[in-house]
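Overview (structure and organization)
Spelled out from the first residue to the last, the chains are:
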Amino acid sequence: MEAIVKLRIKQVLKGDQNAFAEIVELYKDKVFQICYRMLGNRHEAEDLAQEAFVRAYVNIHSFNITMKFSTWLYRIATNLCIDRLRKKKPDFYLDAEVAGTEGLDMYSQIPADTALPEDEVESMELQETIQAQIEKLPEKYRAPIVLKYIEELSLKEISEILDLPVGTVKTRIHRGREALRNQLRHL
Amino acid sequence: MKCRDEIIGLMHEYLDEDITKEDESFLRGHLRSCEDCRAHFHELEKTVVLVQSSSRIVASPDFTQKVMSSLPKEKKKVGAERWLKNHPLLTAVSLFLVLMAGTLFGTYNQDEQFSVSKQPNLMVENEMVVVPSGETVNGDVVVQNGDIRIEGKVNGNVTVINGHNYLASAGSVTGEIEEIDQIFEWLWFKIKNTGKAIFQINEQK
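Residues numbered from 1 in each chain as written. Chains lettered and ligands numbered in written order. Predicted model: local features only at pLDDT ≥ 70, side-chain atom pairs only at ≥ 80, totals over all residues. Heavy atoms only, no water.

Along its length, chain B carries 7 helices and 11 strands. Counting the 205 residues in chain B, one finds 31% classified as buried. (Helix = DSSP H or I, 4+ residues; strand = E, 2+ residues; numbered from the N terminus. Buried < 20%, exposed > 50% of the residue type's maximum accessible area, 1.4 Å probe, protein only.)

Below is the structure:
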């Protein structure tokens, strides 16, 4: 895949926007997944994932072709998410939690057309709980946990994405794991 | 407590798949004997499984389209280059036609010197070719960038390129008289002549 991507990048560098559309298609779900797990909000995650691709396009001339493209792209996306988390103001979104309803969001206030099977409801509730606990992690632990366990990246790749020494990444993953253990032990 | 911190550190190293054989066997031995650490380790393992089980979520179907519409517009030059790359046959044909037209136009413009086909009984006076009265010229007469005045007889065709022909009342031409003053007529004349020449060569063989 990297070989195809590098070829497309060369075409993009010559000014071919259609080649960039192929790159977006290849990575959109991965980038969106990172943003969603970091932010916990589909609307915001989609905005930032799109912004990550736009920034990648605008700065593609600064991409080192010997480097792995996904690492560079994930770095852009992760940095955007971290910036957003640092200056986050409360926003009104359909998937924002409703105050005092313990994890229910605006979507759950919309009447469903069909009843969901119990197992599916339980599974969705579990997913929401896990995501809520990930969101409770401080951003410095959240990013490495998301990259390791949801994107399944190596410590080396995570260190390149976050621009941190491998030792620091390991420590943050350990602490993030411990924090999640405390939060999820009752499940 | 120091011992416990050390054991927890080994648990994390194990989960990172970054543990030495000695440390792993030490950890296993400790977990067999210590219930608290065993519970802690199982909780960590369960945490990893739960986080990894988070369902895959995908971007909206129009995600790529939204990204592409947000990009700065590409230069027209690039669009044209891409069109050329995507239509190589049309590009090749167009290029051939342009080059051919250029060559022919160049040749047409370069052919501005006065010239006349060689027949012994033709007279030339200041870019005016004269078929004298009482004389008979056998074969086709071609005059380029000059005029012709026919007072005698021509057994063949008379072609004047970028010039005029003047046929005296006593003069006669057995073939066709043709005046060419446009590039396409000249081109057709060239093609016909080339065709004739090829045909004659084949006949001789």
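Our focus in this paragraph is the pairing of strand 8 (residues 158–161) of chain B. Residue and element names in this part refer to chain B. A two-sided burial pattern is seen for strand 8, the buried positions comprising Val158 and Val160 on one face and Thr159 and Ile161 on the other. Across 4 bridges, strand 5 (residues 141–144) lies against strand 8 in parallel orientation. Residue Val141 lies in a different strand from strand 8, and its bridge partner there is Val158. Bridge count between strand 8 and strand 11 (residues 177–180): 4 bridges; the pairing is parallel. Residue Val160 lies in a different strand from strand 11, and its bridge partner there is Glu179. (Pairing = 2+ DSSP bridges.)

This brings us to the sheet that holds strand 9 (residues 165–167) of chain B. Residues and elements named next belong to chain B. The 4 strands are arranged 2-3-6-9 in an open sheet whose pairing can be described as mixed. With partners counted over all chains shown, the strands left at the sheet margins are strand 2 (123–125) and strand 9, one partner each. Neighbour to neighbour, the strand axes of the sheet diverge by 20° on average, direction disregarded. Inspection of the sheet shows strand 3 (residues 128–131) paired to strand 6 (residues 147–150) by 4 bridges, in the parallel sense. Bridging across to strand 6, Met128 finds its partner in Asp147. (Axes fitted to C-alpha atoms, helices over the stretch in contact; angles between N-to-C directions.)

Residue and element names in this part refer to chain A. Applying the stated criterion across every chain, the model contains 8 aromatic pairs over all chains. Taken together, a centroid distance of 5.6 Å and an interplanar angle of 55° make the contact between Tyr27 and Phe69 tilted. One end of the pair, Tyr27, is in helix 2 (residues 17–39); the other, Phe69, is in helix 4 (residues 69–86), and 42 residues separate them in sequence. Taken individually, Tyr27 and Phe69 each receive the classification buried, so the pair is uniform in this respect. The structure contains a cluster of three or more aromatic residues connected by ring pairs, namely Tyr27, Phe63, Phe69 and Trp72. The side chain of Lys148 reaches across the aromatic face of Tyr149, ending 5.6 Å from its centre. (Phe/Tyr/Trp six-rings, centres within 6.5 Å; stacked < 30°, edge-to-face > 60°. Lys NZ or Arg CZ within 6 Å of the ring centre and 35° of its normal.)

Let's shift gears to helix 4 (residues 63–70) of chain B. For helix 4 of chain B, the set of buried residues is Phe63, Thr64, Val67 and Met68 of chain B. Buried residues of helix 4 of chain B, seen end-on, are gathered within an arc of 130° and therefore sit on one face of the element. Exposed and oriented more than 90 degrees from the buried face of helix 4 of chain B are Gln65 and Ser69 of chain B. Tucked inside the fold, the buried residues of helix 4 of chain B contact helix 2 and helix 3 (42–58) of chain A. (Arc of directions from axis to C-beta. Contact = heavy atoms within 4.5 Å.)

Residue and element names in this part refer to chain B. Taken in spatial order, the 4 strands make up an open sheet running 1-5-8-11, and their pairing is mixed. Two strands bound the open sheet, and with one partner strand each, they are strand 1 (115–116) and strand 11. Of the strand pairs in this sheet, strand 1 and strand 5 are connected by 2 bridges, and their pairing is antiparallel. Bridged to Val116 within strand 5 is Val143.

It is worth spelling out the interface of chain A and chain B at this point. With 41 residues of chain A in contact, the opposing surface of chain B contributes 36 residues. Interface of chain A and chain B: buried area, both sides summed, is about 3,800 Å²; carbon and sulfur atoms make up 57% of it. In this structure, the connection of chain A to chain B is made through 4 salt bridges. Between Asp16 of chain B and Arg177 of chain A there is a salt bridge whose closest N-O contact spans 3.1 Å. Our count for the chain A to chain B interface comes out at 12 residue pairs in polar contact (both at pLDDT 80 or more). Broken down by secondary-structure element, the contributors of at least two residues to the side of chain A that touches chain B are helix 2, helix 3, helix 5 (118–136), helix 6 (139–150) and helix 8 (166–184) of chain A. By residue number, the principal contributor to the side of chain A that touches chain B is helix 2 of chain A, which donates 12 residues. By residue class, the composition of the side of chain A that touches chain B is 20 nonpolar, 7 polar and 14 charged. (Buried area = accessible area lost by both parts, 1.4 Å probe. Salt bridge = Lys/Arg side-chain N within 4 Å of Asp/Glu carboxyl O. Polar contact = N/O pair within 3.5 Å; in protein donor to acceptor, adjacent residues only side chain to side chain. Nonpolar A, V, L, I, M, F, W, Y, C, P; charged D, E, K, R; others polar.)

Residues Phe20, Tyr27, Val31, Met38, Phe53 and Phe69 of chain A together with Val51 of chain B are the most contacted members of the largest nonpolar core, which totals 63 residues. Sorting elements by how many residues they give to this core places helix 2 of chain A first, with 13 residues. The contact partners of Val51 of chain B, leaving out residues within four places of it in the chain, are Ile130, Ile134, Ile145, Tyr149, Ile150, Leu180 and Leu184 of chain A. Counting residues in each nonpolar core, the second largest holds 12 residues, with Val131, Val137, Ile150 and Val173 of chain B among its members. (Core = buried A, V, L, I, M, F, W, Y, C linked by side-chain atoms within 4.5 Å.)

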